[in-house]
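# Secondary and tertiary structure notes
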Amino acid sequence: MSKLILERLQAAFGDDIVEVSSFRGDDVAVVKPSRWVDACKFVRDDPRCDCGHFTDLSAIDRCDPRTDELDMADRFEVYVIAYSIAKKHRVRLKVRLPGDEPRIATLVGVWAGANWMEREVYDMFGVRFEGHPDERRILTYPEFKGHPLRKDYPANLAQPLLEYREGTFNKLGPFLQDEGMPLNRSPRSDDRN
Amino acid sequence: MAELETRVLGGGESGFATTKFELLLAWARKYSLFQYPFATACCGMEFFSAASPRYDIARFGAEAPRFSPRQSDVLWVVGTISQRQAPVLRRVYEQMTEPKWVIAFGTCASCGGFYDNYATVPGIDKIIPVDVFIPGCPPRPEAVLDGLMLLQDKIARCDRTPETVKNTQLPAGAEETLEKLYQLRMKP
Amino acid sequence: MEPVDLEFEEADLELPSEPMTLLMGPSHPAMHGTIRMILKLDGETVQEVDIQPGYLHRGFEKMSERGTWSQVFPYTDRLNYVSPLLNNVGYALAVEKLLGITVPRKGQLFRVILGELSRISDHLTCNGAIAMELGAFTPFLWYLKAREWVYEACEEQTGARLTHSFFRIGGAAAQPTAKLENLIVPMLPKLLEVVAEGESLLLKNRIFLDRTQGVGILTKAHAQQMGASGPVLRSTGIDYDVRKDKPYLTYAECDFDVPVGEDGDTYDRFMVRAEEIRQSVRIIEQSLAMLKKIAPGSPDDAVSVSDPRIVLPPKKDVYTTIEGTIAHFKLIMEGIDVPAGEVYGYTEAGNGELGFMLVSRGGGNPWRARVRGPCFFSLQAAHDMIRGKMLADIIPTFGSINMIGGECDR
């Protein structure tokens, strides 16, 4: 249905669209990082795309450095979903970023709503947005080290702001060890520290 | 006031009772608890329910919520406390005036619940002392009332050891009563 | 001594004012416990506001990556904890989209009915809270009374008052109980009555009107840019409702209206929610009628798909046959084998478009489960609703966004 947007994008950007796909009705286009902002502006302003509603922006960590052999050059994927309320179609634009020092231009100028979402991606994945007006952590606190949604951040590595009181014991720790059977939590070997 | 030998005085009679001053004070305190609901998460919904007409926590002498820690006696920690929230909670606790009690409402406040991860404090007793733990995710309003009554009991006994609300069995015949109530309500 | 009748220029008489910084929250009663606002005030006017979410960040997305696909359900309950069943439905539909399966008709209707009940409880709570925060305590208590009836019906079906975890990938955990309909049908007219009663107290009340009308205005264009959805977007006059624009389940067959506002102010958001309760009641009534028309024994007459790779075997088989035990064990321990791929599944939840971006690499665990919490987006738009307004207007504006910590901070 909304293959239209993908066709329009390919016509306008040619080889700068790395890949297009449609899976279960979701249309996805992967854009080269250099044309990221232009492609987003295009789907917003092109009268036949008309995707003025900013639906979502987030990222995916595509490889776990501890276990995966996947190319670190494409480790992070930042995606944005835009929707057209009048035309009732939506598109997902993606950009792939390297594993070390991922950077991309900000979309705040295209959709003002990208502000918080990019802060969240920065907080959770450590992707920097060039030109972002207010790059701070949003869900965790400023003292937090690391980026929790990266696959190599152990899920239960807490960084308490306060020292815990004396004399309390970790109720969950012994419980989980006593369980003695796999809870199908992956990756679990070095997760429980 | 277990120490008191209770006898209702008849008309025109007069009398006196002896007790320890602390116990008298504790007895007076237990029925006038000003509460500070530190509601953060899902459990807040059940806290509303417990305060709402059907469960009506006011019947137990804990009606008045005070949103200033300085005026309150009981700190209800209702919901998950994240690492980011923890300093706030401790500050609120420190601002309360003695005597003060803390109720950990729900599993998250008691032990972190199933949020066993980087973001959540595994139980508020890591941060502040707790008097009563109410388990449940979220606890039913009945359990909340149980927790409040347990706290009152502890206040009367001047007992500050942490305690957990125990599972209560339905009294015999309760199922039939409930069924009867349901039938009654279904009548047009 | 100086003479008293000195002549002053008008400007000299102005009191010197300099901006004052005020911290509001996170334990402020009107901030729902989890939001902090840093306000820069000039007198009572808000010059600048910095809203800081994140005080209820519980790592939903990290936890989802660690369990099986089914183990995410309890976490979804606690996203928007005012309407848990709608989150269950949203997540189940997203995984089903990834799997490429559709639930039988009875299961779909069942999801619609329970989901709409949840929506009613959401809107009752939100509207009651707006009224309470403006000082009208009675409507709040009345709406909570009505919410208890909804909880009662949900409890009868799911066994839990609030966190149901009832729907499953490929269907639901149980058949509709015998009493469910008896609880829902007499409740609906009573619900409408309570809603009308609450409105009768508020909508002719000068205080309520003055404090909500023209307060916290959001414009159409800005709402779209900010990604607002649900009642917040509809109050600006855009009739975007996923149930109408991309119908899922059986919403296409239901006859219901999408209420829209005109000005995008707090009053419109209140009214949109109130009207949505009425529309939800209509949907439930129609869905109950449709449920009755399903022929017993037909393929439609099931709440779950019959694929043993997705749905747990009946308990009787688990305890008596080896195949049942193995199937159960595999599904619980390894999880449902979801093909590799990524989808964005979205539904209309209480606060707007609830989207799940699910990435699978094949196997039993989600690789990434991103949730698009609608009120995170609406809350961001609140900066512009608050800026330049009075300090006291923050309370109703913030209340009408219906910020739910679990969904906002995840």
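Residues numbered from 1 in each chain as written. Chains lettered and ligands numbered in written order. Predicted model: local features only at pLDDT ≥ 70, side-chain atom pairs only at ≥ 80, totals over all residues. Heavy atoms only, no water.

## Things to note about the overall build of chain A
Looking only at helices and strands, one finds four helices and seven strands in chain A. Starting at the N terminus, the α and β elements of chain A follow one another as α-β-β-α-β-β-β-β-α-β-α. In chain A, which comprises 193 residues, the share counted as buried stands at 52%. The contacts of chain A with a sequence gap of at least 6 include a subset with a gap of at least 24, amounting to 54%. Accessible area of chain A: about 8,800 Å², with a carbon and sulfur share of 49%. (Helix = DSSP H or I, 4+ residues; strand = E, 2+ residues; numbered from the N terminus. Buried < 20%, exposed > 50% of the residue type's maximum accessible area, 1.4 Å probe, protein only. Contact = heavy atoms within 4.5 Å. Areas by Shrake-Rupley, 256 points an atom, 1.4 Å probe, with all protein chains shown as cover.)

## Some points on the sheet that holds strand 1 (residues 17–23) of chain A
Strand pairing in a sheet takes place through backbone hydrogen bonds and is either antiparallel or parallel in direction. Residues and elements named next belong to chain A. With mixed pairing, the five strands of this open sheet are ordered in space as 1-2-5-4-3. Both outer strands of the open sheet, strand 1 and strand 3 (53–61), are each paired with one neighbouring strand and no more. Neighbour-to-neighbour, the strand axes of this sheet turn through a mean angle of 20 degrees, independent of strand direction. With eight bridges joining them, strand 3 and strand 4 (residues 76–84) adopt antiparallel strand pairing. Paired with L57 across the strands is V80, a residue of strand 4. This element, helix 1 (residues 3–13), spans strand 1, strand 2 (26–31) and strand 5 (89–97) of the sheet and lies at about 170 degrees to strand 1. (Pairing = 2+ DSSP bridges. Axes fitted to C-alpha atoms, helices over the stretch in contact; angles between N-to-C directions.)

## So, the packing of helix 5 (residues 105–133) of chain C against helix 7 (residues 180–202) of chain C
Residue and element names in this part refer to chain C. The interhelical angle for the contact between helix 5 and helix 7, taken along N-to-C directions, is 25 degrees, at an axis separation of 12 Å. Put simply, helix 5 runs roughly parallel to helix 7. Seen from above, helix 5 lies across helix 7 with left-handed handedness. Packed against helix 5, whose contacting residues are F110, I113, L117, I120, L124 and A131, the element helix 7 presents L180, I184, M187, L191, V195 and L202 at the interface. (Parallel < 35°, antiparallel > 145°, perpendicular 65-115°, else oblique. Left-handed = near helix turned anticlockwise from the far one by under 90°.)

## Quick word on the nonpolar core
Core analysis: the largest hydrophobic core is formed by 132 residues, its most contacted members being A:L9, A:W36, A:L93, A:L107 and C:M37. If we ignore the near neighbours within four places in the chain, the residues touching C:M37 are C:L22, C:L23, C:M24, C:M31, C:V49, C:D50, C:I51, C:I386, C:I394 and C:F398. Counting residues in each nonpolar core, the second largest holds 29 residues, with C:L86, C:I169, C:V305 and C:L354 among its members. (Core = buried A, V, L, I, M, F, W, Y, C linked by side-chain atoms within 4.5 Å.)

## Examining the environment of C:V311
With respect to the helices and strands, C:V311 occurs in the loop between helix 12 (266–293) and helix 13 (315–320). A C-alpha to C-alpha distance of 19 Å links C:V311 and C:N87, two positions 224 residues apart in sequence.

## Digging into the interface of chain B and chain A
Interface size is commonly expressed as the accessible surface area that is lost when the partners come together. Taken together, the contacts link 19 residues of chain B with 26 residues of chain A. Of the roughly 1,900 Å² buried between chain B and chain A, counting both surfaces, carbon and sulfur atoms make up 58%. The tally of links from chain B across to chain A stands at zero salt bridges. At the surface where chain B touches chain A, the tally comes to five residue pairs in polar contact (both at pLDDT 80 or more). Those elements that provide at least two residues to the side of chain B that touches chain A are helix 3 (86–95) and helix 4 (106–111) of chain B. Looking at which element gives the most residues to the side of chain B that touches chain A, the answer is helix 3 of chain B, with three residues. Class assignment of the residues belonging to the side of chain B that touches chain A gives a composition of ten nonpolar, four polar and five charged. (Buried area = accessible area lost by both parts, 1.4 Å probe. Salt bridge = Lys/Arg side-chain N within 4 Å of Asp/Glu carboxyl O. Polar contact = N/O pair within 3.5 Å; in protein donor to acceptor, adjacent residues only side chain to side chain. Nonpolar A, V, L, I, M, F, W, Y, C, P; charged D, E, K, R; others polar.)

## Structural notes on the sheet that holds strand 8 (residues 368–372) of chain C
Residues and elements named next belong to chain C. Taken together, the three strands give an open sheet; going across it, the order is 6-7-8, and neighbouring strands pair in antiparallel fashion. Only two strands of the sheet have a single neighbouring strand rather than two, namely strand 6 (341–349) and strand 8. Direction aside, neighbouring strands of the sheet carry axes that sit 15 degrees apart on average. Bridge analysis of strand 6 against strand 7 (residues 352–360) gives nine bridges, and the strand direction is antiparallel. The residue of strand 7 that forms the bridge with Y344 is M357.

## Digging into the pattern of salt bridges
Taken as a whole and judged by the stated rule, the model has 61 salt bridges over all chains. In this structure, C:E342 engages A:R92 in a salt bridge whose closest nitrogen and oxygen atoms are separated by 3.2 Å. Pair noted here: C:E342 is in strand 6 and A:R92 is in strand 5, and the two residues belong to different chains. Of the residues examined, C:E342 reaches a relative accessible area of 15% and is grouped as buried. Between A:D134 and A:R119 there is a salt bridge, with its nearest N and O atoms 3.4 Å apart. In this pair, A:D134 is assigned in the loop between strand 7 (128–130) and helix 4 (172–179) and A:R119 in helix 3 (residues 114–125), connecting sequence segments 15 residues apart. On the accessibility criterion, A:R119 (3% relative accessible area) is buried. Overlapping salt bridges, with partners in common, bring together A:E19, A:D26, A:R62, A:E77, A:R92, A:K94, A:R96, C:K97 and C:E342 in one network.

## Here's the deal with the packing of aromatic side chains
Applying the stated criterion across every chain yields a total of 30 aromatic pairs over all chains. A centroid spacing of 5.1 Å and a plane angle of 70 degrees characterise the contact between C:Y248 and C:Y251, whose relative ring orientation is edge-to-face. Aromatic pair C:F376 and C:F377: ring centres 6.4 Å apart, planes at 85 degrees, arrangement edge-to-face. Overall, C:F376 belongs to the buried group, its relative accessible area being 0%. Owing to a relative accessible area of 0%, C:F377 belongs among the buried residues under this scheme. Here the aromatic residues A:F54, A:W111, A:W116, C:F376 and C:F377 are joined through ring pairs into a cluster of three or more. In this arrangement the basic side chain of A:R90 is found over the ring face of C:Y346, its NZ or CZ atom lying 3.7 Å from the centre. (Phe/Tyr/Trp six-rings, centres within 6.5 Å; stacked < 30°, edge-to-face > 60°. Lys NZ or Arg CZ within 6 Å of the ring centre and 35° of its normal.)

## What to know about the interface of chain A and chain C
With 55 residues of chain A at the interface, the matching set in chain C holds 53 residues. Roughly 4,400 Å² of surface becomes buried between chain A and chain C when both sides are summed, with 49% attributable to carbon and sulfur atoms. A:R90 is the partner of C:E353 in a salt bridge, and the nearest nitrogen-oxygen pair spans 3.0 Å. Summed over the shared surface of chain A and chain C, the number is 31 residue pairs in polar contact (both at pLDDT 80 or more). If you list the elements that add at least two residues to the side of chain A that touches chain C, you get strand 3, strand 4, strand 5 and helix 3 of chain A. Element by element, the count of residues in the side of chain A that touches chain C is highest for strand 3 of chain A, at nine residues. Looking at the side of chain A that touches chain C residue by residue, the classes come out as 26 nonpolar, nine polar and 20 charged.

## A short note on a nonpolar patch on the surface
Residues and elements named next belong to chain B. The grouping of F21, L24, L25, W27 and Y31 at the surface amounts to a nonpolar patch, some 520 Å² of accessible area in total. Secondary-structure assignment places L25 in helix 1 (residues 21–30). Of the residues examined, L25 reaches a relative accessible area of 33% and is grouped as partly exposed. (Patch = residues over 30% accessible without salt bridge, like charges linked within 9 Å, V, L, I, M, F, W, Y side chains within 5 Å.)

## Some thoughts on the confidence of the model for chain B
Residues and elements named next belong to chain B. Looking at chain B, pLDDT values average 82 and 90% of them are 70 or higher. Per-element mean pLDDT across chain B ranges from 80 in helix 6 (residues 174–186) up to 90 in strand 3 (residues 101–105). Here the prediction assigns the complex a pTM of 0.87, and the interface score ipTM is 0.84. (pLDDT = per-residue confidence, 0-100.)

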